[in-house]
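# Structural overview for review
Listed below are the residues making up each chain.
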Amino acid sequence: AKSAGGNRFELADPEADARAITRHGLTTALPTALERGEFFIEYQPLVHLGDGSVRGAEALVRWLHPQHGVLGPDRFIPLAEHTGLIVPLGRWVLEESVRQAREWRELHGGAEALGPLRINVNLSPCQLTHPGLVQDTVDILERAGVEPHALCLEVTESALIGADDDLLKPLRRLAEMGVDIALDDFGTGYSNLANLRRLPVSILKLDRSFTQSMQQFPADPVDLKIVEGIVSLAHSLDLAVTVEGVETGAQAEQLRTLGCDTAQGWYYARPGPPERLHELALVDATG
Ligand code: C2E
Ligand code: CA
Ligand code: CA
Ligand code: CA
């Protein structure tokens, strides 16, 4: 190892090695993490831009790793997708957040002003092609006693680009049952806008990059035109528009003026524990 061959190792990027080791370690730890209950969910409110009320929340999964602490989804979702663990993990996220939605409704009891809080759950492309998706979703909703229209499944635009009918079939079935389908990260893919008509979606989630471009003042007039165009097209197709990554009141106001329906972002609240969402929604309903 001291010969010329050994030198090749010294040239290797030690940080890249460390990342590879962690990646490998995290990948092998994933299945037991699910068994041991190391995953948890944070909820981020979805706020109606017209009246500022909390209408629901997006479920965002985290991993409380015994050595590395809390890991965000970007660290482990790709690994779970690669190994197929995303199917049971995604099912757990769905089950847990639907159960949570039911609990919020029970807690709210008499708060008449408060409609049922809707729950948004992210679906990975691997879950879309898994044959159990529709039945699992039906079972989970039934077990919790939650009506399908309280659930929204978020699928990224890139997962549906060029999707054939086989891929769309389970989404269509779910949409027919009353589950909302949202097109996530909209505007980052290269989908043909006309293509939207064949997708069983009822909500467009405008990617954070659009919200970021509202940060400058005055905002880039071309960006404003693009958002305006997307919103008017979406509304003409009967789709609601949600914007993500809203960090300032000025952005919220700009996006409201442009006709967006619902917003999500740090300006309203960071993702947090379920009690937090419950409090925000209650304060909101009782004034
Ligand atoms: P996403 O679906 O686009 O979720 C929005 C991300 O933006 C979340 O990051 C959220 O914490 C973050 N965010 C919210 N408001 C703001 C803001 O005002 N400013 C900024 N800079 N960021 C904001 P997070 O929680 O790290 O999730 C990252 C991605 O991981 C999600 O992106 C989603 O694609 C994926 N993900 C999360 N949970 C799940 C899950 O249960 N299943 C699957 N398949 N993917 C998930
Ligand atoms: Ca999402
Ligand atoms: Ca998104
Ligand atoms: Ca995103």
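So, here's what we can say about the structure. On a predicted model such as this, the values are computed, not experimentally measured, just so you know. (Residues numbered from 1 in each chain as written. Chains lettered and ligands numbered in written order. Predicted model: local features only at pLDDT ≥ 70, side-chain atom pairs only at ≥ 80, totals over all residues. Heavy atoms only, no water.)

### Considering empty space enclosed by the protein
- For the structure shown, the criterion picks out 2 cavities of 30 Å³ or more.
- A volume near 80 Å³ is recorded for the largest cavity.
- As for the largest cavity, its lining consists of Val-87, Arg-91, Leu-94, Leu-123, Gln-127, His-130, Leu-133, Asp-136 and Thr-137.
- Looking at the lining of the largest cavity, the elements that each hand over two or more residues are helix H4 (86–108) and helix H6 (133–144).
- By volume, the second largest cavity is sized at about 70 Å³.
- Residue composition of the lining of the second largest cavity, by class: 6 nonpolar, 1 polar and 3 charged. (1 Å grid on protein atoms, 1.4 Å probe; cavity = no way out; pocket = protein on both sides within 12 Å on 5 of 7 lines; lining within 4 Å. Points joined across faces, edges and corners; volume = space filled by probe spheres on them. Helix = DSSP H or I, 4+ residues; strand = E, 2+ residues; numbered from the N terminus. Nonpolar A, V, L, I, M, F, W, Y, C, P; charged D, E, K, R; others polar.)

### Looking at the site of ligand 1
- Around ligand 1, a shell composed of 21 residues is seen, among which Gln-44, Arg-62, Asp-184, Glu-247 and Trp-266 lie nearest.
- The separation between an oxygen atom of ligand 1 and a polar side-chain atom of Arg-62 is 2.9 Å.
- In the environment of ligand 1, an oxygen atom lies 3.2 Å from a nitrogen or oxygen atom belonging to the side chain of Asn-122.
- Contributions of two or more residues to the shell around ligand 1 are made by strand E2 (54–65), helix H3 (73–83) and strand E6 (180–186). (Near = heavy atom within 4 Å. Polar contact = N/O pair within 3.5 Å; in protein donor to acceptor, adjacent residues only side chain to side chain.)

### What about H6?
- With 12 residues, H6 extends 17 Å between its outermost C-alpha atoms, agreeing within 8% with the 16 Å of an ideal straight helix rising 1.5 Å per residue.
- On its buried side, H6 packs onto H4, helix H5 (125–128), strand E5 (151–156) and helix H8 (165–177).
- Just downstream of H6 lies Gly-145, where phi reads positive at about 65°. (Expected span 1.5 Å × (residues − 1). Contact = heavy atoms within 4.5 Å.)

### Points about the coordination of the calcium ion (ligand 2)
- Distances from the calcium ion (ligand 2) to its protein donors, Glu-58 (OE), Asn-122 (OD1), Glu-154 (OE) and Asp-184 (OD), fall within 2.1 to 2.3 Å.
- Along the chain, the residues donating to the calcium ion (ligand 2) fall in the pattern E-x63-N-x31-E-x29-D.
- The distance between the calcium ion (ligand 2) and the calcium ion (ligand 3) comes to 3.9 Å, with Asp-184 serving as a donor to both metals. Here Asp-184 lies in strand E6 and Glu-58 lies in strand E2, a separation of 126 residues in the sequence. (Donors = N, O, S within 2.8 Å, 3.2 Å for Na, K, Ca; no water.)

### Details of the layout of surface pockets
- What the largest pocket holds in volume is close to 1,000 Å³.
- Around the largest pocket sit 38 residues that line it, and Glu-58, Leu-60, Pro-73, Asp-74 and Asn-122 are the ones nearest its centre.
- For the lining of the largest pocket, the residue count by class is 15 nonpolar, 11 polar and 12 charged.

### Section: the environment of Ala-175
- Within the secondary structure layout, Ala-175 lies in helix H8.
- The partly exposed category is assigned to Ala-175, whose relative accessible area is 29%.
- Sequence separation between Ala-175 and Asn-122 is 53 residues, and the spatial gap between their C-alpha atoms is 15 Å. (Buried < 20%, exposed > 50% of the residue type's maximum accessible area, 1.4 Å probe, protein only.)

Take it as geometry only, folks, not as evidence of what the structure does.
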